[in-house]
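An overview of the molecular structure
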Amino acid sequence: MLDRPMVDTRALRNAFGVLPTGVAVVSLHDEAGRPTGVTVGSFSSLSLTPALCLFSLGKNQGSARLFTKGVPFVVNVLSHQLADLAWQFAKPAEDKCAGVALAATAVDVPRLRDAIAHFACHAHAIHDGGDHIIVVGEIVDFDHGEGEALVFYRGGMHKTAPV
Ligand SMILES: Cc1cc2nc3c(=O)[nH]c(=O)nc-3n(C[C@H](O)[C@H](O)[C@H](O)COP(=O)(O)O)c2cc1C
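Now for a quick tour of the structure.

Conventions and cut-offs
Residues numbered from 1 in each chain as written. Predicted model: local features only at pLDDT ≥ 70, side-chain atom pairs only at ≥ 80, totals over all residues. Heavy atoms only, no water. Phe/Tyr/Trp six-rings, centres within 6.5 Å; stacked < 30°, edge-to-face > 60°. Helix = DSSP H or I, 4+ residues; strand = E, 2+ residues; numbered from the N terminus. Near = heavy atom within 4 Å. Polar contact = N/O pair within 3.5 Å; in protein donor to acceptor, adjacent residues only side chain to side chain. Areas by Shrake-Rupley, 256 points an atom, 1.4 Å probe, with all protein chains shown as cover. Buried < 20%, exposed > 50% of the residue type's maximum accessible area, 1.4 Å probe, protein only. Pairing = 2+ DSSP bridges.

In this section: the packing of aromatic side chains. Aromatic ring pairs are reported here in terms of the distance separating the ring centres and the angle at which the planes meet. Inspection of the entire model under this criterion finds six aromatic pairs. Between Phe119 and Phe142, the aromatic rings sit 6.3 Å apart at their centres with planes inclined by 15 degrees, giving stacked as the arrangement. Remark: Phe142 occurs in strand E10 (residues 132-144) and Phe119 occurs in strand E9 (residues 117-129); sequence separation between them is 23 residues.

Below, the discussion takes up the site of the ligand. Not every one of the 18 residues close to the ligand is listed here, only the nearest: Thr39, Gly41, Ser42, Gly58 and Ser63. Gly58 places a polar main-chain atom, nitrogen or oxygen, 2.8 Å from an oxygen atom of the ligand. Compared with its free state, where it exposes 640 Å², the ligand has 81% of that area covered by protein. Of all the elements in the fold, those that place two or more residues in the shell around the ligand are strand E3 (35-40) and strand E5 (52-58).

This brings us to helix H1 (residues 9-16). Of all eight residues that make up H1, zero are buried, and the element is exposed over most of its length. Sitting at the head of H1, Asp8 places a side-chain oxygen 3.1 Å from the backbone nitrogen of Arg10.

What follows covers the sheet that holds strand E12 (residues 156-159). Sheet architecture is open: three strands sit in the order E1-E11-E12, paired in antiparallel fashion. In this open sheet, the two strands that pair with only one neighbour each are strand E1 (21-22) and E12. Inspection of the sheet shows E1 paired to strand E11 (residues 150-153) by two bridges, in the antiparallel sense. Looking across to E11, one finds that Thr21 is bridged to Phe152.

We now examine unusual backbone geometry. Omega for the peptide link from Thr49 to Pro50 comes to 0 degrees, which places this bond in the cis form. Here Pro50 shows up in the loop between strand E4 (44-47) and E5. Even without being a glycine, Asp108 presents a positive backbone phi close to 70 degrees. Looking at the element boundaries, Asp108 is found in the loop between strand E7 (102-103) and strand E8 (111-112). In the Ramachandran plot, Arg154 falls in the positive-phi region, its phi being about 50 degrees despite a non-glycine side chain.

To continue, consider the pairing of E5. Summarising burial for E5: five of the seven residues are buried, a large majority. Bridge count between E4 and E5: three bridges; the pairing is antiparallel. Directly across from Ser44, in E5, lies its bridge partner Leu54. Between E4 and E5, which pair antiparallel in sequence order, lie four residues. The pairing of E5 with E10 spans seven bridges and is classified as antiparallel. If you follow Ser56 over to E10, its bridge partner there is Ile134.

The following block contains the structure:
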């Protein structure tokens, strides 16, 4: 067995938080076929050919059991005007999509209508990543529009600004 050093997870989380990330809501259907979603800062582009993207999800997140089944999903990139949606999808709720404008996509999972980009995906692979799973999606359709991205940095929401 590998002897791992004890890590202060709060300090590690704060250190990770020094790198700004974009904010996305990954939408999918729950077991009952209702739309739901989860806020992620771990979304990243991965490959152009094939068209792949990824995000990581804590194994103890409620939605992790859905993703491990290999269901289709949509990554919705949020604008800075949609910070409230980021918090809404980061909290457990009976209906996380309450009051959210949805629209149809190529994978039959709804996207968030007001997102500045969306990537409709079939599950490509699920990898183990410690206390997270790494979900790799094959992008079957995507779109992007105007608007400035929402940025998560040191625990708070920000706008982008040129340097
Ligand atoms: C800005 C932001 C980024 C987040 N990024 C992630 C992430 O990349 N992976 C993750 O597992 N949870 C992340 N979370 C936490 C989840 O959104 C939160 O735990 C959510 O309630 C999980 O939903 P679920 O229980 O329906 O799966 C993030 C939260 C916020 C506010």
